[in-house]
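In case you want the letters, here they are:
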Amino acid sequence: MKKLILILILISTVSCIGNHRVDVWKTLTIASGDSIIINKVKSPATLSIKNISDKEVEMVSELKMQKSISANSEFTYRLPKKSNLILKNKNAEMVSIHLHYSSNKPILINHKELR
């Protein structure tokens, strides 16, 4: 009976591995002429980017998507596996964005894991 219970516990533990979601909300500032690089994601990620500045933020990607986020507007996109996104500030002043992402695995922003 104890072996059966142990086997059931192990099976339920193994079935839950990999099902954890990473949900991160972060406000980031992009200096004038600087950029934020969302490195190639290991798992599809849902991004919601809200531009909370008075200036436009340019987006660069190999994907077919809009090229910028207007001032005080929001952009939501499902970033596929192995894709990346660059947010560029070509304005004279710094801009701020509020980033929310949800994925099965953490994503790298500017080569660092964002938590």
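This is a predicted model, so every value here is computed, not measured.

What follows deals with the pairing of strand β4 (residues 57–60). The alternating pattern of β4 places Val-57 and Met-59 on a buried face and Glu-58 and Val-60 on a face that is not buried. Judged from the 2 bridges that link them, β4 and strand β5 (residues 68–69) form a sheet pairing that is antiparallel. Within the sheet, the bridge partner assigned to Glu-58 lies in β5 and is Ser-68. Across 3 bridges, the pairing between β4 and strand β7 (residues 85–88) is antiparallel. Counted as the bridge partner of Met-59 is Leu-87 from β7.

Now for the side chain of His-100. Tracing the chain through its elements places His-100 in strand β8 (residues 95–103). Within the local environment of His-100, its side chain forms a polar contact with the side chain of Asp-23, the two groups lying 3.2 Å apart. Those residues in contact with His-100 that lie beyond four places of it in its chain are Asp-23, Val-24, Trp-25, Thr-46, Leu-47 and Ser-48.

Moving on, we come to the sheet that holds strand β3 (residues 45–51). Spatially, 4 strands are ordered β1-β8-β3-β6 in an open sheet, and the strand pairing comes out antiparallel. Each end of this open sheet is capped by a strand with a single partner; those strands are β1 (22–30) and β6 (74–79). With direction set aside, neighbouring strand axes in the sheet form an average angle of 15°. Here β3 pairs with β8 via 7 bridges, running antiparallel.

Here the focus is the packing of aromatic side chains. Applying the stated rule across the entire model yields 1 aromatic pair. Aromatic side chains Phe-75 and Tyr-77 sit 5.8 Å apart centroid to centroid with 10° between the ring planes, which places their arrangement in the stacked category.

The next point concerns the environment of Ser-61. Secondary-structure assignment places Ser-61 in the loop between β4 and β5. In this structure Ser-61 comes out as buried when scored by relative accessible area, which is 17%. It is 9.1 Å that separates the C-alpha atoms of Ser-61 and Leu-87, two residues lying 26 residues apart in sequence. Ignoring anything within four residues of it in the chain, the contact list for Ser-61 reads Asn-84 and Leu-85. Separated by 3.1 Å, the side chain of Ser-61 and the backbone nitrogen of Leu-63 make a polar contact. For Ser-61, the side chain forms a polar contact with the main-chain oxygen of Asn-84, separated by 3.2 Å.

Each value, and the rule that gives it
Residues numbered from 1 in each chain as written. Predicted model: local features only at pLDDT ≥ 70, side-chain atom pairs only at ≥ 80, totals over all residues. Heavy atoms only, no water. Buried < 20%, exposed > 50% of the residue type's maximum accessible area, 1.4 Å probe, protein only. Helix = DSSP H or I, 4+ residues; strand = E, 2+ residues; numbered from the N terminus. Pairing = 2+ DSSP bridges. Polar contact = N/O pair within 3.5 Å; in protein donor to acceptor, adjacent residues only side chain to side chain. Contact = heavy atoms within 4.5 Å. Axes fitted to C-alpha atoms, helices over the stretch in contact; angles between N-to-C directions. Phe/Tyr/Trp six-rings, centres within 6.5 Å; stacked < 30°, edge-to-face > 60°.

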